[in-house]
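Structural overview
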Amino acid sequence: EVNIIDKIPAMIGVQVEGAAPLQQAIMKKNQWVNLGDVSDSVAEGIVAAESYCSPKAVEAIKKSRGKVVVVSDHEIVEAMKNLIEKESIVTEPTSAAAFAGLKKIYYQRSAEIVVINTGSGMKMLKEITSLITNHDHINDKMKGHYDSTN
């Protein structure tokens, strides 16, 4: 133990509408669920029919008295806009989901909250600009973006 904190903070998971296996597992009091077909999302990095580490994640969320919140593509795009306009942070959509989730939890103004930004949007500025200005669906704009030929 490092003893940096006195207690474990509430762990908040953020998932996208139509692809939230952790939320469903917790609601059904299971360690994991497989949703089968799931919806596509601007946050393609967290779209999943089931969570790879669901049992551990469910346990951590329950032990910390946390929860899972679900966000829409629209909320993710709005979070991206806010981060750019107010903080000068350019994040990719999957990371922006965490910031969109922040609006869905109740907390006291004095609370200390950590939101982890796991991915910069600097390598996809053209796609992000189109997404936040035109509300285009990112997967239409991202086709071929991660191909090894690009």
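None of these values were measured; they are calculated from a predicted model. (Residues numbered from 1 in each chain as written. Predicted model: local features only at pLDDT ≥ 70, side-chain atom pairs only at ≥ 80, totals over all residues. Heavy atoms only, no water.)

1. Points about the pattern of salt bridges
For the structure on display, the rule yields three salt bridges. Across the pair K63 and E59 runs a salt bridge whose closest N-O atoms are separated by 2.9 Å. Residue K63 and its partner E59 are located together in helix 2 (residues 54-63), separated by four residues, close to a single helical turn. Taking the relative accessible area as the measure of exposure, K63 reaches 66% and is therefore exposed. Across the pair E78 and K81 runs a salt bridge, and its minimum N-O distance is 3.5 Å. Of this pair, E78 and K81 are both found in helix 3 (residues 73-87), three residues apart, which corresponds to roughly one turn of the helix. (Salt bridge = Lys/Arg side-chain N within 4 Å of Asp/Glu carboxyl O. Helix = DSSP H or I, 4+ residues; strand = E, 2+ residues; numbered from the N terminus. Buried < 20%, exposed > 50% of the residue type's maximum accessible area, 1.4 Å probe, protein only.)

2. Digging into helix 4 (residues 93-102)
When you tally the buried positions in helix 4, you get eight out of ten residues, the bulk of the element. Residues P93, T94, S95, A96, A97, F99, A100 and G101 constitute the buried set of helix 4.

3. Details of the pairing of strand 2 (residues 67-71)
With four of its five residues buried, strand 2 lies for the most part within the structure. Here five bridges tie strand 1 (residues 12-16) to strand 2, and the two strands are oriented parallel to one another. Across the sheet, the residue bridging to V16 is V71, located in strand 2. (Pairing = 2+ DSSP bridges.)

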